[in-house]
Amino acid sequence: MSRLSAKFAALKKEGRAAFVPFITAGDPDMETSFAILEKLPSCGADIIELGMPFTDPMADGPAVQASSVRALKSGATLAKVLKMVEKFRKADKTTPIVLMGYYNTVHAHGTARFAKDVAAAGVDGLIVVDLPIEEDEVLRVPAHAQGVDLIRFVTPTTDDARLKRIVADASGYLYYVSVAGVTGTKSVPEDEVRAAMARVRAVTDLPCTVGFGIRTQEQAAAIALLADGVVVGSAIVGQVAANLNAGKDKVIAEVLDLTRALAGSTHAARHGKVPA
Amino acid sequence: MNQIPNSLRAGPDANGHFGAYGGRFVAETLMPLVLSLEQAYEAAKKDPAFHEELSGLLTHYVGRESPLYFAERLTAHLGGPKIYLKREDLNHTGAHKINNCLGQILLARRMGKTRIIAETGAGQHGVATATVAARFGLPCTIYMGEVDIERQKPNVFRMRLLGAEVRSVSSGSRTLKDATNEALRDWVANVHDTFYIIGSVVGPHPYPAMVRDFQTVIGNETRAQMLDREKRLPDLVVACVGGGSNAAGMFHPFLDDTGVEIHGVEAAGDGVDTPRHAATLSKGSPGVLHGARSYLLQDGDGQILEAHSISAGLDYPGIGPEHSWLKDMGRVKYYSVTDQEALDGFMLLSKLEGIIPALEPAHAIAHVCKVAGQMKKDDIIAICLSGRGDKDIFSVAEKLGEKL
């Protein structure tokens, strides 16, 4: 069983939703972001989305863009990102890591080589924002061969016919984008998420996490009642930006504090209840 | 997949691929939109009423057909082949961009979209978009990099006069690439009512094919005018290439004419062996940006490099996927011309023909100055003069050390 399946099975048993923080690898520098990464599980992260910085993050709002810029400025490269995962994996054998980024990073490395290298580093899943189902076979197949899941998106613009095509070759879990927009700019609409989760559950048994627009503990708790996982990105990398001037220790402390708070709300939300 | 065997004009395939290039590399939120745009465009293509309306606007609003002008003094100056200029600079709004904008806004209307967005580099596409948005009474937002806003002030003011909102983009290199990122972000957040008028043969399918189709009027007219005037096809067709829309439109009708040589001219900025250029095909490598696989200026890790050109319209690190395909198969040869050479071409055409070209087609003029000497006296060259140079007088004056 993959780390992702094992994690979702364990969460189901415990009757709680996964808390999934997003950080950009190398933000604000490799050392600090590793210090954050290695402590995320003990702060309540069930799965970690690790951003691969890219110069042109078209699907991201200002907070994640700025985080990518900081990482690139500090010299982040794919090789360093994979080293970071490798180091994390030596100490943590259970927390799944999902790399998130844009297709050109993968393309430049070569899809087959990318799949092999991420698997070797201990990556469990890939989220490639600009690789829709029409184009994803080129990565999905070699990734699967290495035991790495390519996580597919469902969005407010996905109709039922397309949803069926999306889940047909999906594995690991699904990522529901709660708002049509870029990351971190609008607030998650709970009623729409509820309806979307019902649609998703009607066609697949795969777990479904929800992201885009979740910033507060209240929102995290509300989504934890509806979905299998709660993803928070912009609010977390926003803590890096907000505390940079106060020094790296402060950055690490604030990011981890926010993670702890959001994870706490996510985990407490259902009090052991499984959503209908 | 190709409907016409042995034709280079049949692409792209059903998934928008020109060989290994093109495709639809966009976020899932945009995919249903991109697919419905494709359906709407396919339906419009088959609808005579759409073509009739577009053709009426091209005649009466844009002023088509544009002349194919024999540049007598430039020909004499270069002492070689006969040089013709396809006068897209005489179109309403001063460039070829309007051809595409009219096609797309008619499509937006058919799709029931009520808001228009666009990106712009030199401002020509922004002006053309603001123009058609005014003409059809639709609100319009134009994204433009801070750097471009500074060097293309007259066009910024024009867009505002036309009622468009110009949003300054301060991320990244603050030029066309970043304006495109920002327009994509707007689109994904406003999918329900917004139509994104992309200005070049870039972006996800169907944009590269659709924009080319709307610009093909340039090449179709040139071909017919040339046959009428010279009773034969030109030996060489030349156009500048940034994203590549005027070139795609100029080249497409000639792709199957094996006797016609075709040259695309990229911006070499300070020189292709310096870090400051925009010669994507000459110095780039295949990658994925803004929805399509094509040649890109990028580093070994797939990070996009900043392009540089004196011409804001060519200052883009990518290029349309069809050009990448045409380059690889060798049907079109791509060259590059430096800022200085383009500036010399700009001055030369102004003084010899009384035509101030935009800095973009000044690159094509400069290239012809280089190759004319190797051609025969009775050869014929057709250059796409894609836009007029009024917008560039400030940048040129600055280069010449003059204050306006």
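Below or above, wherever it landed, is the structure these notes cover. (Residues numbered from 1 in each chain as written. Chains lettered and ligands numbered in written order. Predicted model: local features only at pLDDT ≥ 70, side-chain atom pairs only at ≥ 80, totals over all residues. Heavy atoms only, no water.)

**Re the overall build of chain B**
For chain B, the helix and strand inventory stands at 15 helices and 14 strands. Against the globule reference of 22 Å for 404 residues, chain B gives a C-alpha radius of gyration of 19 Å, in line with a compact fold. Here the C-alpha coordinates of chain B stretch approximately 55 × 50 × 45 Å along the principal axes. Considering only residue pairs separated by 6 or more positions, chain B has 74% of its internal contacts joining residues 24 or more positions apart. Here chain B has roughly 14000 Å² of accessible surface; of this, 51% comes from carbon and sulfur atoms. Between the averaged position of the 42 positive side-chain charges in chain B and that of its 48 negative side-chain charges there is a distance of 2 Å. (Helix = DSSP H or I, 4+ residues; strand = E, 2+ residues; numbered from the N terminus. Rg over C-alpha atoms; globule rule 2.2 N^0.38 Å. Contact = heavy atoms within 4.5 Å. Areas by Shrake-Rupley, 256 points an atom, 1.4 Å probe, with all protein chains shown as cover. Lys, Arg positive; Asp, Glu negative; His and termini not counted. Charge placed at Lys NZ, Arg CZ, Asp CG, Glu CD.)

**A look at the packing of aromatic side chains**
Inspection of every chain in the model, using the stated rule, returns 13 aromatic pairs over all chains. Where A:Phe54 meets A:Tyr102, the ring centres are 5.4 Å apart and the plane angle is 25°; that geometry is what we call stacked. On the criterion of sequence distance, the pair formed by A:Phe54 in the loop between strand E2 (48-51) and helix H3 (62-73) and A:Tyr102 in the loop between strand E3 (97-101) and helix H5 (103-109) is long-range, its members being 48 residues apart. Here A:Phe54 and A:Tyr102 have matching classes, each one buried. Here a set of aromatic residues connected by ring pairs shows up, and it is made of A:Phe153, A:Tyr175 and A:Phe212. One residue, A:Lys87, lies across the ring of A:Phe34, its end atom 4.2 Å from the ring centre. Cation over ring: B:Lys82 sits above B:Phe70, and NZ or CZ is 5.3 Å from the ring centre. (Phe/Tyr/Trp six-rings, centres within 6.5 Å; stacked < 30°, edge-to-face > 60°. Buried < 20%, exposed > 50% of the residue type's maximum accessible area, 1.4 Å probe, protein only. Lys NZ or Arg CZ within 6 Å of the ring centre and 35° of its normal.)

**Quick look at the interface of chain A and chain B**
In this complex, chain A contributes 33 residues to the contact, which on the side of chain B involves 35 residues. Buried surface at the junction of chain A and chain B, both sides included, amounts to about 2700 Å², of which 53% is carbon and sulfur. If you look at where chain A meets chain B, you find two salt bridges. B:Glu28 serves as the salt-bridge partner of A:Arg162, at 2.6 Å between the closest nitrogen and oxygen. The tally of links between chain A and chain B comes to 18 residue pairs in polar contact (both at pLDDT 80 or more). Mapped onto the side of chain A that touches chain B, the elements with two or more residues apiece are H3, H5 and helix H8 (160-168) of chain A. Ranked by the residues each element gives to the side of chain A that touches chain B, the list is headed by H5(A), at five residues. (Buried area = accessible area lost by both parts, 1.4 Å probe. Salt bridge = Lys/Arg side-chain N within 4 Å of Asp/Glu carboxyl O. Polar contact = N/O pair within 3.5 Å; in protein donor to acceptor, adjacent residues only side chain to side chain.)

**Remarks on the packing of helix H4 (residues 97-110) of chain B against helix H9 (residues 207-230) of chain B**
Residue and element names in this part refer to chain B. Between H4 and H9, the shortest axis-to-axis distance is 8 Å and the interhelical angle comes to 125°. By the angle class used here, H4 and H9 are oblique. Here the hand of the crossing between H4 and H9 comes out right-handed. Here Lys 97, Asn 99, Asn 100, Gly 103, Gln 104 and Leu 107 of H4 lie close against H9, whose contacting residues are Tyr 207, Met 210, Val 211, Phe 214, Gln 215, Val 217 and Ile 218. (Axes fitted to C-alpha atoms, helices over the stretch in contact; angles between N-to-C directions. Parallel < 35°, antiparallel > 145°, perpendicular 65-115°, else oblique. Left-handed = near helix turned anticlockwise from the far one by under 90°.)

**Here we look at the pairing of strand E6 (residues 140-145) of chain B**
All names here are of chain B. Where burial is concerned, most of E6 is hidden: six out of the six residues are buried. Side chains Cys 140, Ile 142 and Met 144 of E6 all project onto a buried face; the interleaved residues Thr 141, Tyr 143 and Gly 145 project onto the opposite face, where all are buried too. Sheet topology places strand E5 (residues 115-120) next to E6; five bridges connect them, and they run parallel. In the strand pairing of E6, Ala 118 is matched with Ile 142. Of the crossover connections in this fold, the one passing from E5 over helix H5 (residues 124-135) to the parallel E6 is right-handed. Bridge analysis of E6 against strand E7 (residues 165-169) gives five bridges, and the strand direction is parallel. Paired with Ile 142 across the two strands is Val 166, which belongs to E7. (Pairing = 2+ DSSP bridges. Right-handed = clockwise from strand over helix to strand, strands pointing away.)

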